[in-house]
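If you want the building blocks of each chain, they are given just below.
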Amino acid sequence: MPHEQAHREDRAPCRLAVITGDHAAADPTKPGAHYNPEDFVTHNAMVAAFESLPGYAVEVINDHSGLIDRMRDAPPDLVVNFCDTGYRNQPSRELNIPAYLELLEIPYTGASPAAMVICYDKQIVRLVAEAQGLPVPKEAFVAADTPNAELPRDFPALIKPNMADGSVGITKDSVVRSADEAAAYFGWLRRTLPGRDALFQEYLPGPEYGIGVIGNPEGVLTVLPALEVDFSALPAGLNPILSYESKTDPESPYWTDIRFKRAELPASLEAEMGRQAERLFARLGLRDYGRFDFRCAADGIPRLMEVNPNPAWANDGKLAFMAGFAGIDYPRMLEMIVEAARFRTGA
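Computed from a prediction, not measured in an experiment: that's the story for all the values here.

Trainee: Let's hear about the packing of helix H2 (residues 37-51) against helix H12 (residues 330-345): which residues, and what values?
Mentor: Between H2 and H12, whose axes approach to 9 Å, the crossing angle comes to 70°. Judged by the angle between their axes, H2 and H12 are roughly perpendicular. Every residue of H12 that contacts H2 at Ala45, Met46, Ala49 and Phe50 is listed here: Tyr330, Pro331, Leu334 and Val338. Split into classes, the residues belonging to the contact of H2 with H12 amount to 8 nonpolar, no polar and no charged.

Trainee: Give me the sheet that holds strand E4 (residues 139-142): which residues, what numbers.
Mentor: The strand order across the open sheet formed by 4 strands is E4-E7-E5-E6, and the pairing between neighbours is antiparallel. Where the open sheet ends on each side, the last strands, each with one partner, are E4 and strand E6 (175-176). In terms of strand pairing, strand E5 (residues 157-161) meets E6 through 2 bridges, oriented antiparallel. Note that in E6 the partner of Leu158 across the bridge is Val175. Sheet strands touched by helix H6 (residues 122-131): E4, E5 and strand E7 (198-202). Its angle to E4, the strand with the most contacts, is close to 150°. Along the sheet face, helix H7 (residues 179-192) touches E4, E5, E6 and E7 and points at about 10° away from the line of E5.

Trainee: Quick one: what's the story with the packing of aromatic side chains, residue by residue and with numbers?
Mentor: Scanning the entire structure with this criterion turns up 7 aromatic pairs. An aromatic cluster is present here, built from Phe50, Phe82, Tyr289 and Trp313 joined pairwise through their rings. The lysine or arginine in question, Lys30, covers the ring of Tyr35, its NZ or CZ lying 4.6 Å from the ring centre.

Trainee: Lay out the confidence of the model for the chain with the relevant residues and their values.
Mentor: Averaged over every residue, the pLDDT of the chain is 94; residues scoring 70 or more account for 97%. Predicted confidence for residues 1-8 stays below pLDDT 50, and this span has 2 contacts to residues more than four positions away or in other chains.

Trainee: Break down the packing of helix H11 (residues 318-325) against H12 for me, citing the residues and quoting the values.
Mentor: For the pair H11 and H12, interaxial distance at closest approach is 9 Å and the crossing angle is 105°. When the axes of H11 and H12 are compared, the pair comes out roughly perpendicular. Along its contact with H11, which presents Leu319, Ala320 and Ala323, the element H12 presents Tyr330, Met333 and Ile337.

Conventions adopted
Residues numbered from 1 in each chain as written. Predicted model: local features only at pLDDT ≥ 70, side-chain atom pairs only at ≥ 80, totals over all residues. Heavy atoms only, no water. Axes fitted to C-alpha atoms, helices over the stretch in contact; angles between N-to-C directions. Helix = DSSP H or I, 4+ residues; strand = E, 2+ residues; numbered from the N terminus. Parallel < 35°, antiparallel > 145°, perpendicular 65-115°, else oblique. Contact = heavy atoms within 4.5 Å. Nonpolar A, V, L, I, M, F, W, Y, C, P; charged D, E, K, R; others polar. Pairing = 2+ DSSP bridges. Phe/Tyr/Trp six-rings, centres within 6.5 Å; stacked < 30°, edge-to-face > 60°. Lys NZ or Arg CZ within 6 Å of the ring centre and 35° of its normal. pLDDT = per-residue confidence, 0-100.

Here you go:
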């Protein structure tokens, strides 16, 4: 056995603590406010993928009771922060877990609390992107208490909460084409998400793309092949958007009829979106991995829609699809995220 290989096999495994959402707590972003069978399927696939990787001792934490004491009393070498639901499944507390890990000086994967705060505010992301020279859709900020008579009148438009994750507040009716439809949707938002400010955004009728990034600018930064959202099988009359139904309702055509595919677009356009993603990744302070969503206007130019600082890690999520397009299987994708964080932090 070569000396280098023997040395590597004798080395103690890296102790990973994978923190996910709290399976025992209520989750206001899920149907019925609790974890569903589909969530457990993807969770178990993630656990199996991590356990298949050599060189790691993996502990998976999906119960947040005692989490803070646990991290303080027995810190791992690295936390894989896959808790995209927030501490005790409170979305406004997604930043609290990495903030606490920083106080304990425990390295972790993914975005810092500061990056999470910035990216959670969609209008701030748009303004930063525009300042960086990225094409963005026209948009108006609408405070929660804005009277219907003062709502914007540029149609068609996409209405969505200014602060939300997982398509919360974006339904099949989010695309509005008249003042009456806009007033009706804002009324629904006020009842469903009281006090939540919204965005009145230019509706972009063209293809929707995703660009995934794994790594860091100071190390190896990999831009994954572009993904396209395939809306072609949706029944006629349904707006081609990724709504809340597409992520939560197995009975909805938005769940059953939307597919992800390798984007077919000019190499120069894909390369430009990749460069824009890299630029914004660095400017917003993202780390280890991220996802950038674009959608084309009528002129065919992709405009930035959203930035996901800790995108969905599931084996059936966009990032996993994009990795697959590059020939990277799911366990290797997770390993790349961990390797990026270990290189960045020295863990």
